[in-house]
Amino acid sequence: SNLFVLQLQVLRHTQHRLLSTGRTVLSQSRQTNKSGADSKSAAALIAASAAAATLGAVGFTCWRGHQQWKSKLVRDKKFESVQFVKAEVDQSKAKSDAESSYFCWLPTDVYRALDGVASMPVRSGDIFVVSFPKAGTTWLQELVFMLATDFDSKLAETVSIEDRFPYLEYPYPGLATIKRWPMNTSRRFIKSHLPWGLLPRSVVDDKLSKSSGAKVIYLARCPKDTSISYYHFLRMLSPLIGYTGDWSGDFVDRFLDSSGDRPLPYGPWLDHVEAFWRVSCDRPDRVMFLTYEELMADTAGCVIRIARFLGVTEPSQRRVN
């Protein structure tokens, strides 16, 4: 599966290079005063080549990746091609009134990365955006990135969200990419769906988090809306990981209670959300708890709150609007 993910990333970068080459050809064509017809022909040729290369590579890569996964992964009866591992999550750092630990289901690639994630050195400017899947994470990532970079829209438009905001526990961009960022980088932007107890020790541990200075923003969403969105997302991933059960019965049960042998990636939902809420109450200077609903209802107000939490310049009302 690591190879499959890397193949898709290489494909994406190849497509970007082709499009960049097309822009260069057009620019040179205009500078040498070639006719508009020639410029359009060059553009059409580059676009067609990029499209053909992309579609062909995607088709082959997806087919090949699926064949490899089918032959190697152990299946749950409701998932087409995925293998899970039950990871114990320490809740003691969250000061929860519930039991001190619970079990969270993780895909095998994520589980293998946990040791590296736990020991990852955290820098003072690091910003973590964390949520349970399908809670509005990408929206919050873009808001945080724009605030922390003084609205660098050019960078946001030219560099993909995966490269600007690497997914901590996944094979790519992942931990290796985060560690390679230069030491003189003022901020690192990191996305994760991991439970609180599985984040880097220098974030979770109270004493270490004070010295690291990293900030965590957690986004929660109404459980019904989250579960419906997550259900359709996992079904959409067929045949790679697609869930085949129904929402109202089996899926909701997995979403709320991942005990036994009924896995759901990152589940259960309640334990995931509760831990971050409790920590945000105990360490409001380090962990901020937001909901998707309040972000929808008062986006401008939430943007101001996020800016204050991060210690960045508050945007003008014009920019907020």
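Residues numbered from 1 in each chain as written. Predicted model: local features only at pLDDT ≥ 70, side-chain atom pairs only at ≥ 80, totals over all residues. Heavy atoms only, no water.

Draft legend 1. Looking closely at the overall build of the protein chain. On a plain count of helices and strands, the protein chain comes out with 16 helices and six strands. Across the 321 residues of the protein chain, 47% fall into the buried class. Once local pairs closer than 6 in sequence are excluded, the contacts in the protein chain between residues at least 24 apart make up 68%. Summing over all exposed atoms, the protein chain offers an accessible surface of approximately 16,200 Å²; the carbon and sulfur share of this is 55%. (Helix = DSSP H or I, 4+ residues; strand = E, 2+ residues; numbered from the N terminus. Buried < 20%, exposed > 50% of the residue type's maximum accessible area, 1.4 Å probe, protein only. Contact = heavy atoms within 4.5 Å. Areas by Shrake-Rupley, 256 points an atom, 1.4 Å probe, with all protein chains shown as cover.)

Draft legend 2. View of the packing of helix α5 (residues 137-148) against helix α15 (residues 299-310). Closest axis-to-axis distance for the α5/α15 pair is 10 Å, and the angle between their directions is 55°. The pairing of α5 with α15 is recorded here as oblique in orientation. Here α5 runs over α15; the crossing is right-handed. In contact with Trp139, Leu140, Leu143, Val144 and Leu147 of α5, α15 contributes Thr299, Val303, Ile306, Ala307 and Leu310. For the contact of α5 with α15, a count of residues per class yields nine nonpolar, one polar and no charged. (Axes fitted to C-alpha atoms, helices over the stretch in contact; angles between N-to-C directions. Parallel < 35°, antiparallel > 145°, perpendicular 65-115°, else oblique. Left-handed = near helix turned anticlockwise from the far one by under 90°. Nonpolar A, V, L, I, M, F, W, Y, C, P; charged D, E, K, R; others polar.)

Draft legend 3. A look at the sheet that holds strand β5 (residues 215-220). Ordered by their spatial adjacency, four strands build an open sheet running β4-β3-β5-β6, and the pairing between neighbours is parallel. The open sheet has two free edges, formed respectively by β4 (189-192) and β6 (287-291), since each of these has just one partner strand. For this sheet, the mean inter-axis angle between neighbouring strands, taken without regard to orientation, is 20°. Bridge analysis of strand β3 (residues 127-131) against β5 gives five bridges, and the strand direction is parallel. The partner of Val129 across the bridge, within β5, is Ile217. Of the strands in this sheet, β3, β5 and β6 touch helix α13 (residues 269-282), which is tilted by about 130° from β6. Most of the contacts of α15 go to β6, to which it runs at about 170°, and overall it touches β3, β5 and β6. (Pairing = 2+ DSSP bridges.)

Draft legend 4. Just the confidence of the model for the protein chain, in detail. A residue-level look at the protein chain finds 69% of positions with pLDDT of 70 or above and a mean pLDDT of 77. Element-level pLDDT for the protein chain is lowest in helix α2 (residues 36-72), with a mean of 43, against a maximum mean of 98 in β6. Low pLDDT, under 50, characterises residues 1-19; the stretch is placed with 32 contacts to residues that sit more than four places away or in other chains. Ignoring residues within four places in sequence, the model shows residues 42-74, a span with pLDDT below 50, making 36 contacts including any to other chains. (pLDDT = per-residue confidence, 0-100.)

Draft legend 5. Representation of the pattern of salt bridges in the model. Summed over all chains, the structure comprises eight salt bridges. A salt bridge links Arg286 to Asp285; the nearest nitrogen and oxygen atoms lie 3.8 Å apart. Residue classification places Arg286 among the buried residues on the basis of a relative accessible area of 17%. (Salt bridge = Lys/Arg side-chain N within 4 Å of Asp/Glu carboxyl O.)

Draft legend 6. Quick look at the packing of aromatic side chains. Applying the stated criterion to the full structure yields 13 aromatic pairs. Ring geometry for Phe84 against Trp105: centres 6.4 Å apart, planes inclined by 80°, an arrangement best described as edge-to-face. Highlighted residues: Phe84 in strand β1 (residues 84-90) and Trp105 in strand β2 (residues 101-107), separated in sequence by 21 residues. Here Phe84 and Trp105 have matching classes, each one buried. Site record: aromatic cluster; members linked through ring pairs are Phe132, Tyr230, Tyr231, Phe251, Phe255 and Trp269. In this arrangement the basic side chain of Lys86 is found over the ring face of Phe103, its NZ or CZ atom lying 5.6 Å from the centre. (Phe/Tyr/Trp six-rings, centres within 6.5 Å; stacked < 30°, edge-to-face > 60°. Lys NZ or Arg CZ within 6 Å of the ring centre and 35° of its normal.)

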